[in-house]
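# Results of the structural survey
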Amino acid sequence: MNDDSKPGIPNRIILGIGHAAAWLNAVLIVTILVQVVLRYVFGKSFVALEELQWHIFAVIIMRGMSYAYVQDSHIRLDILHSRFSRPTKEKIEIMGIICFLWPMIFVFFMHSLPFVAESFRVGEGSDAPMGLAYRWAIKAIIPIAFFLLFIASLSRLKQAI
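Below, the structure is looked at part by part. All values reported here derive from a predicted model rather than from experimental measurement.

## A look at the packing of helix α1 (residues 9-40) against helix α6 (residues 141-160)
One can describe the packing of α1 onto α6 by two numbers: an axis separation of 9 Å at closest approach and a directional angle of 140 degrees. Put simply, α1 runs oblique to α6. Seen from above, α1 lies across α6 with left-handed handedness. Here α1 contributes P10, N11, I14 and I17 to the contact with α6, which in turn contributes L148, I151, A152, S155 and Q159.

## As for the packing of aromatic side chains
Applying the stated criterion across every chain, the model contains 4 aromatic pairs. For the ring pair W102 and F150, a centre distance of 5.6 Å and an interplane angle of 50 degrees mean the geometry is tilted. Here W102, found in helix α4 (residues 86-121), pairs with F150, found in helix α6; they are 48 residues apart in sequence, far enough to count as distant. W102 gets classed as partly exposed once you look at its relative accessible area, which sits at 24%. By relative accessible area, F150 is classed as partly exposed at 29%.

## Considerations on unusual backbone geometry
Positioned with a positive phi, Y134 is a non-glycine residue whose angle comes to about 60 degrees. Mapping Y134 onto the fold places it in the loop between α4 and α5 (135-139).

## Quick look at helix α2 (residues 47-71)
Taking 1.5 Å of rise per residue, 25 residues should cover 36 Å, and α2 covers 36 Å from first to last C-alpha, within 8% of that figure. The largest bend in α2 is about 35 degrees, located at G64. Directly after α2, the chain includes D72, whose backbone phi takes a positive value near 60 degrees.

## A closer look at the side chain of S153
Residue placement: S153 occurs in helix α6. S153 has contacts with Y69, I97, L101, W102 and I105, leaving out every residue within four places of it along the chain.

## Thoughts on the nonpolar core
If you look at the biggest cluster of nonpolar residues, it comprises 16 residues, and the most contacted ones within it are Y69 and L149. Here the element with the most residues in this core is α6; it accounts for 7 residues. Discounting residues that sit within four places of it in the chain, L149 has contacts with M65, S66, Y69, L101, M104 and I105.

## Here we look at the pattern of salt bridges
On inspection of all chains with the given rule, the structure shows 6 salt bridges. One salt bridge connects R121 with E118, and the closest N-O pair in it is separated by 2.7 Å. Placement of both R121 and E118 in helix α4 is noted, with a separation of 3 residues, approximately one turn of the helix. For R121, a relative accessible area of 60% corresponds to the exposed category. What you see here is one network of salt bridges that share partners, running through R86, E90, E93 and R156.

Conventions we followed
- Residues numbered from 1 in each chain as written.
- Predicted model: local features only at pLDDT ≥ 70, side-chain atom pairs only at ≥ 80, totals over all residues.
- Heavy atoms only, no water.
- Axes fitted to C-alpha atoms, helices over the stretch in contact; angles between N-to-C directions.
- Helix = DSSP H or I, 4+ residues; strand = E, 2+ residues; numbered from the N terminus.
- Parallel < 35°, antiparallel > 145°, perpendicular 65-115°, else oblique.
- Left-handed = near helix turned anticlockwise from the far one by under 90°.
- Contact = heavy atoms within 4.5 Å.
- Phe/Tyr/Trp six-rings, centres within 6.5 Å; stacked < 30°, edge-to-face > 60°.
- Buried < 20%, exposed > 50% of the residue type's maximum accessible area, 1.4 Å probe, protein only.
- Expected span 1.5 Å × (residues − 1).
- Bend = angle between axes of the 7 residues up to and from the residue.
- Core = buried A, V, L, I, M, F, W, Y, C linked by side-chain atoms within 4.5 Å.
- Salt bridge = Lys/Arg side-chain N within 4 Å of Asp/Glu carboxyl O.

All quantities given are derived from atomic positions and should not be read as evidence of function.
Set out below in C-alpha cells:
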C-alpha cells in the first residue's frame with residue numbers, strides 16, 4: 001500500500017499530467033477574455049475562438065476525471081462513507097471499482113475508439129465555415145481520459161487491497 005505522501009508511479013504520472021493540464025484553465029480564461037473583448041469592443045466574432053473555448057474546456061473536464069480520482073476528491077456518499085470502518089471502506093471501494101467503475105470505463109473506452117477512428121477517417125472538422133479543423137483530435141481525448149482513469153483505478157484498487 002502506498003503512503004499518501006509518496007504516490008506510486010501511475011499516480012505521479014496522472015498528477016503530473018493534471019498539474020500540466022491545469023494551465024489550460026489560464027489559456028481558457030485568456031481565450032474567453034479575447035473573445036469577449038473582440039465581440040463587445042470591436043464588434044467582431046470568431047467562430048474558431050468560440051470552438052477553441054469548448055475544446056479547451058472538454059480537455060480540462062476529461063482530464064480531471066483521473067486527477068480527481070487519484071486525489072480522492074471525486075463525489076461519494078460521504079454521509080455513509082464517514083461512518084464505516086477503514087476495512088469496510090476499502091471493501092466498498094474494491095466492489096465499486098470492479099462492479100461499477102470498470103464496466104463504465106470499458107463501455108466508454110470501447111465506444112469511443114470507433115467514434116474517434118471514424119472522425120479521423122473522414123477528416124472531421126467543424127461544421128462552421130470558419131471553425132476549427134481536426135475535430136478528431138479533441139475526440140481522441142475521450143479514450144485517453146478513460147484509459148488514465150483506468151490506470152488511476154488500478155492504483156486505487158492496489159491500495160485498497
